[in-house]
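A look at the structure
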Amino acid sequence: VLPTVITFNAAVSTCEKGNRWRQALDLSLKMLRYSLEVTLVTFGAAISACEKAVQWEAALDWLFAAASCGLKRDTVMHSAAASSCEKAAR
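Residues numbered from 1 in each chain as written. Predicted model: local features only at pLDDT ≥ 70, side-chain atom pairs only at ≥ 80, totals over all residues. Heavy atoms only, no water.

1. Let's talk about the overall build of the protein
- Helix and strand counts for the protein stand at 5 helices and 0 strands.
- Against the compact-globule benchmark of 12 Å for 90 residues, the protein has a radius of gyration of 12 Å, which places it among compact chains.
- In terms of overall dimensions, the protein has a C-alpha envelope of 45 × 30 × 20 Å along the principal axes.
- Of the contacts made within the protein by residues no fewer than 6 positions apart, 61% connect residues no fewer than 24 positions apart.
- A total accessible area of about 5400 Å² is found for the protein, and carbon and sulfur atoms account for 58% of it. (Helix = DSSP H or I, 4+ residues; strand = E, 2+ residues; numbered from the N terminus. Rg over C-alpha atoms; globule rule 2.2 N^0.38 Å. Contact = heavy atoms within 4.5 Å. Areas by Shrake-Rupley, 256 points an atom, 1.4 Å probe, with all protein chains shown as cover.)

2. Comments concerning the side chain of S13
- Take S13: it is sitting in helix α1 (residues 5–17).
- By relative accessible area, S13 is classed as buried at 17%.
- Excluding residues that lie within four positions of it along the chain, S13 makes contacts with V41 and A45. (Buried < 20%, exposed > 50% of the residue type's maximum accessible area, 1.4 Å probe, protein only.)

So this is what it looks like as structure tokens:
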């Protein structure tokens, strides 16, 4: 079975929900290696995974990377990145 954007996004989202932030980011990077289109879903799940793990620097990196890829960042991404920064400040 060849990987697709849908299967990768599902896997990234599953990692995010399972608090496996490193795996979520690794899968997101593998999408690029397979020349698959990284989408808002991909970035949103990766940023949310970072937020849950209080990995604020990674969350901000992925937020800025979304813009670098030409994607219009949404409220969910901004909120997750901001929440990660807030949690780290506690």
